[in-house]
Amino acid sequence: MRQLTYAEALNEALREEMKRDGSIIIFGEDVAAAGGVYRVTKGLLEEFGPERVRDTPISEIAIVGMAIGASLMGLRPVAEIMYMDFVYIAMDQLVTHAAKLRFMSGGQLKLPFVVRTQYSLGRAHGAQHSQFFPSAFLQAPGLKVVAPGTPRDAKGLLKAALRQDSPVLFIECGYLYHRLRGEVPDQDYITPLGRAEIKRRGTDITIACFSRTVQEALRAADLLSAEGIEAEVLDLMTLQPIDFEALFGSVKRTNRLLVAEDDIVTGGIGAELAARAAEETLDYLDAPIVRVGSPPMPVPFSPELEKRYMVSAEAIAAAAKRLVRG
């Protein structure tokens, strides 16, 4: 095991997979000469050359369109959209075309490409550069959606995504790039898509989380443990498809469910988790399902207001205590 930052783990995944598979190419805004605005693609141009690592114009439509075309011709593109906010510009390519082509061709066509993007909540980048809306893609079957919350999972999930024959939207948390450091195995490994993982065992309440809120949930579990409440932290990791069996199993053990999410609570991932848990585990629940997430408003630019906007360990712990103790 080594200690890597979230960004270093992603960079290592790209480097290792490009060495393994010569069909992997990378393109996007500032990914080549600058090594990526957030240094995730640092050094790849020098190692693999301009044929495999290319800068593009500022056109999200063109970037995702290139990924679709290149993947249909046998390459495995990694297309970077600098901010998740601008994925909306390429929704026609992602949702109308990429998500459906394998289905419409009866499986004859393969689209092995990854769209990497990040959301900048927590970095005072303003309302138009901080959005996180993964639940929008619950309505796009055929497109896999990944949101890692640790360096180990960031590397393992990206390596798994690069080996898929279907399109993957890989959502990174910009706040974690250089702030979060964790253990990453030395050997080659992948983290399978579509499987959740229990990051901490508990008996009193399940905290389902993903991306940045994994770290907040783990800190909340420490706070709760000091007060005699043992929380189970379930990291979803993949948001399309969601590992509902892992969720149901955890809820049946703890009898309570809290969802911690960075997306807006209204219509968010937590809404789907709550609905499915109510359908499948209602008889096991000892308390209502609670969601702790972002309020239904644009992200404030002020750092202090943004901090209050964001989900915190303290907010998760307070909600969990209310659930457990009534």
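Just above sits the structure.
Reading guide: rules and limits
Residues numbered from 1 in each chain as written. Predicted model: local features only at pLDDT ≥ 70, side-chain atom pairs only at ≥ 80, totals over all residues. Heavy atoms only, no water. Helix = DSSP H or I, 4+ residues; strand = E, 2+ residues; numbered from the N terminus. Phe/Tyr/Trp six-rings, centres within 6.5 Å; stacked < 30°, edge-to-face > 60°. Buried < 20%, exposed > 50% of the residue type's maximum accessible area, 1.4 Å probe, protein only. 1 Å grid on protein atoms, 1.4 Å probe; cavity = no way out; pocket = protein on both sides within 12 Å on 5 of 7 lines; lining within 4 Å. Points joined across faces, edges and corners; volume = space filled by probe spheres on them. Nonpolar A, V, L, I, M, F, W, Y, C, P; charged D, E, K, R; others polar. Core = buried A, V, L, I, M, F, W, Y, C linked by side-chain atoms within 4.5 Å. Contact = heavy atoms within 4.5 Å. Axes fitted to C-alpha atoms, helices over the stretch in contact; angles between N-to-C directions. Parallel < 35°, antiparallel > 145°, perpendicular 65-115°, else oblique. Left-handed = near helix turned anticlockwise from the far one by under 90°.

A. Quick peek at unusual backbone geometry. Here Gln240 and Pro241 are connected by a cis peptide whose omega angle stands at 5 degrees. Mapped onto the elements of the fold, Pro241 is located in the loop between strand 12 (238–240) and helix 8 (244–254). Located in the positive-phi region is Met237, a residue other than glycine, with phi close to 65 degrees. With respect to the helices, strands and loops of the structure, Met237 is situated in the loop between strand 11 (231–235) and strand 12. Not every positive phi belongs to a glycine, and Asn255 is a case in point at roughly 70 degrees. As for its placement among the helices and strands, Asn255 is situated in the loop between helix 8 and strand 13 (257–264).

B. Quick look at the packing of aromatic side chains. For the coordinates displayed, the defined rule picks out nine aromatic pairs. Between Tyr119 and Phe132, the ring centres sit 3.9 Å apart and the planes meet at 10 degrees, which makes this aromatic pair stacked. Of this pair, Tyr119 sits in strand 5 (residues 114–119) while Phe132 is found in the loop between strand 5 and strand 6 (144–146), placing the two residues 13 residues apart along the sequence. According to the relative accessible area criterion, Tyr119 is buried, its value standing at 0%. Accessibility expressed as a relative area gives 7% for Phe132, which makes it buried.

C. Empty space enclosed by the protein, seen in detail. Taken as a whole and assessed by the stated rule, the structure comprises one cavity of 30 Å³ or more. Estimated volume of the largest cavity: approximately 60 Å³. The wall of the largest cavity is formed by Gly36, Val37, Tyr38, Val40, Glu80, Ile81, Met82, Arg116, Thr117, Gln118, Glu172 and Tyr177. Contributions of two or more residues to the lining of the largest cavity are made by strand 4 (76–81) and strand 5. Here the lining of the largest cavity gets three residues from one element, more than from any other, and that element is strand 5. Partitioned by chemical class, the residues of the lining of the largest cavity number six nonpolar, three polar and three charged.

D. The arrangement of the nonpolar core in detail. Ranked by internal contacts, the top residues of the largest apolar core, which has 85 residues, are Leu94, Phe137, Leu236, Leu247 and Leu273. Other than its neighbours up to four places away in sequence, Leu247 contacts Ala208, Leu234, Leu257 and Leu273. Ala220, Val233, Ala260 and Ala287 belong to the second-largest nonpolar core, a separate cluster that totals 22 residues.

E. Examining the packing of helix 1 (residues 6–20) against helix 6 (residues 151–162) more closely. With their axes 8 Å apart at the nearest point, helix 1 and helix 6 run at an angle of 30 degrees to one another. Classified by the angle their axes make, helix 1 and helix 6 are roughly parallel. Here the hand of the crossing between helix 1 and helix 6 comes out right-handed. Facing helix 1, whose interface residues are Tyr6, Ala9, Leu10, Glu12, Ala13, Leu14, Glu16 and Glu17, helix 6 presents Pro151, Ala154, Lys155, Leu158, Lys159 and Leu162.

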